[in-house]
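Commentary on secondary and tertiary structure
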Amino acid sequence: TTQPLPHTTMLPLVVATSAFVAGRWAVEQRKESLPAGPQLFKFAWFVSIAAVEWSLLRDAAWLPSCLGGGSGSDSSSLHTATISSIHNSNSNSSNISNSTGSSADLLWQPADAPELSVFYQVELAYHLHSMIFALLLGAKLEMHVHHLATLVLIAASDLTGFRRIGAVVFLLHDIPDIVGYAVKAAMQVNHIPALLASYVALLFTWAYFRLYLLGWLILDVRDYLQAHKPLRTLFLVLLSLLWLLHVYWYVLFLLMAVKFSSHGKVHDMSETRTVIASTTGRQASNNNNNNNNKYENNSASVRAASGESGDNDDVVEEVKGKSKSS
């Protein structure tokens, strides 16, 4: 059985949550003068946290080689090094305690990993702030499901000592979010070349990290955590839920391309207005809310977890429905 890990202080969580809420509030207040402000706020966060993750993980013996792990990784193959050396093993053991100390075993071994403690609290703070603003801005149901699943995964992996695999899940989600918010920012300022370049990058990074690698990771949760059945069930259900949301949002991304190729426009649907990025250089606003709410609700999400992560309070350009353009 996994034992809860002691936290010497919750100060990083409190300070980081306060900073995120204050910063986001300030950005939202200035949205009229800086329409891309919220997207740039999140873009800066994901660039920064991805750099921190890489500095923390790049020399770790348990980091899979497909994510840039060094000599400690067993193989350059995702199937063996990342998330599944057990699939190629002759051993039928289901207990992690029988591990031989390979990098894949270390990845799944419950451990204190104190070097990840503050990092985990800061990630939790970001996703907690995302949940708060999703509630304030009236996000759609799938966003609330996403945020709740992410927060539970972060807390569960932190308290039970699975911070290493949690850090990998953060990485799988945070990298696509960098380009996801580049797409959002480019749309807000109607910069078509930047929008197209970041959109193509989003399709590749989302498919590789959030669909392909996360899919293999879910299979390994099934295999590696057989000795921790309640935790295994929780991780399987929530990670699978996030994966299905990622598939749904990826379909929306593809529909965006169809809409753009047909009409030369990509629609950003919000609760209070519709922003249209167009090859004609025009943007249109359609007020739908009589209460003069300053905040926009993004209609769907470009990211997730974590975890363990990620979450992700991200937003995706939804092409469903009709928009008015001037």
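Below you will find a few notes about this structure. None of the values given here were measured: they were computed from a predicted structure.

How each quantity is defined
Residues numbered from 1 in each chain as written. Predicted model: local features only at pLDDT ≥ 70, side-chain atom pairs only at ≥ 80, totals over all residues. Heavy atoms only, no water. Patch = residues over 30% accessible without salt bridge, like charges linked within 9 Å, V, L, I, M, F, W, Y side chains within 5 Å. Areas by Shrake-Rupley, 256 points an atom, 1.4 Å probe, with all protein chains shown as cover. Salt bridge = Lys/Arg side-chain N within 4 Å of Asp/Glu carboxyl O. Helix = DSSP H or I, 4+ residues; strand = E, 2+ residues; numbered from the N terminus. Buried < 20%, exposed > 50% of the residue type's maximum accessible area, 1.4 Å probe, protein only. Expected span 1.5 Å × (residues − 1). Bend = angle between axes of the 7 residues up to and from the residue. Core = buried A, V, L, I, M, F, W, Y, C linked by side-chain atoms within 4.5 Å. Axes fitted to C-alpha atoms, helices over the stretch in contact; angles between N-to-C directions. Parallel < 35°, antiparallel > 145°, perpendicular 65-115°, else oblique. Left-handed = near helix turned anticlockwise from the far one by under 90°. Contact = heavy atoms within 4.5 Å. Phe/Tyr/Trp six-rings, centres within 6.5 Å; stacked < 30°, edge-to-face > 60°.

Glancing now at a nonpolar patch on the surface. On the surface, Trp 25, Leu 128, Ile 132 and Leu 136 cluster together into a nonpolar patch covering about 340 Å² of accessible area. Counting residues per element, the nonpolar patch draws most heavily on helix 5 (residues 117–137), which supplies 3 residues. What makes Leu 136 exposed here is its relative accessible area of 52%.

This part covers helix 7 (residues 163–188). Its 26 residues place the ends of helix 7 36 Å apart at the C-alpha level, agreeing with the 38 Å of an ideal helix rising 1.5 Å per residue. At Asp 177, helix 7 shows its maximal bend, which comes to roughly 25°. Of the residues flanking the end of helix 7, it is Asn 190, one or two places downstream, whose phi is positive at about 60°.

The phi torsion at Asn 190 lies on the positive side, around 60°, for a residue other than glycine. You can see Asn 190 is positioned in the loop between helix 7 and helix 8 (192–224). Judged by its relative accessible area of 13%, Asn 190 is buried.

Right, let's talk about the nonpolar core for a bit. Core analysis: the largest hydrophobic core is formed by 72 residues, its most contacted members being Leu 67, Val 168, Leu 217, Phe 235, Leu 239 and Phe 253. Looking at this core, the elements that each hand over two or more residues are helix 1 (11–29), helix 2 (37–57), helix 4 (103–108), helix 5, helix 6 (141–159), helix 7, helix 8 and helix 9 (229–263). Of all the elements, helix 8 adds the most residues to this core, at 14 residues.

Here helix 5 crosses helix 7 at 45°, and the two axes come no closer than 11 Å. Comparing their axes, helix 7 and helix 5 come out oblique. Note that helix 5 runs across helix 7; the crossing there is left-handed. Across the interface between the two elements, Ser 117, Phe 119, Tyr 120, Glu 123 and His 127 from helix 5 touch Arg 163, Gly 166, Ala 167, Phe 170 and Asp 174 from helix 7.

A few words on the pattern of salt bridges. Under the criterion given, the structure shown has 6 salt bridges. Here Lys 31 and Glu 28 are joined by a salt bridge, their closest N and O atoms 3.0 Å apart. By relative accessible area, which is 7% here, Lys 31 ends up buried. Take Glu 28: its relative accessible area is 2%, and that puts it in the buried class. Glu 142 is the salt-bridge partner of Lys 140, the closest N and O atoms lying 3.8 Å from each other. Classification of Lys 140 by relative accessible area gives partly exposed; the value is 28%. Shared partners join several salt bridges into a network, and the residues in it are Arg 24, Glu 28 and Lys 31.

Further remarks concern the environment of Leu 245. If you trace the backbone, Leu 245 turns up in helix 9. On the basis of relative accessibility, which here comes to 11%, the residue Leu 245 falls in the buried class. Sequence spacing of Leu 245 and Glu 142 is 103 residues, and the spatial spacing of their C-alpha atoms is 7.8 Å.

Here the focus is the packing of aromatic side chains. Taken as a whole and judged by the stated rule, the model has 14 aromatic pairs. On the basis of an interplanar angle of 80° and a centroid distance of 5.4 Å, the ring pair of Phe 119 and Phe 170 is categorised as edge-to-face. Of the two residues, Phe 119 is situated in helix 5 and Phe 170 in helix 7; the sequence distance between them amounts to 51 residues. For Phe 170, a relative accessible area of 0% gives the class buried. Judged by centre distance (6.2 Å) and plane angle (75°), the rings of Tyr 250 and Phe 253 are edge-to-face. In this pair, Tyr 250 and Phe 253 are both assigned in helix 9, 3 residues apart and thus about one turn of the helix distant.

We now examine the environment of Met 143. Locating Met 143 in the fold gives a position in helix 6. Met 143 sits 13 residues away from Ser 130 along the chain, and the two C-alpha atoms are 9.8 Å apart.

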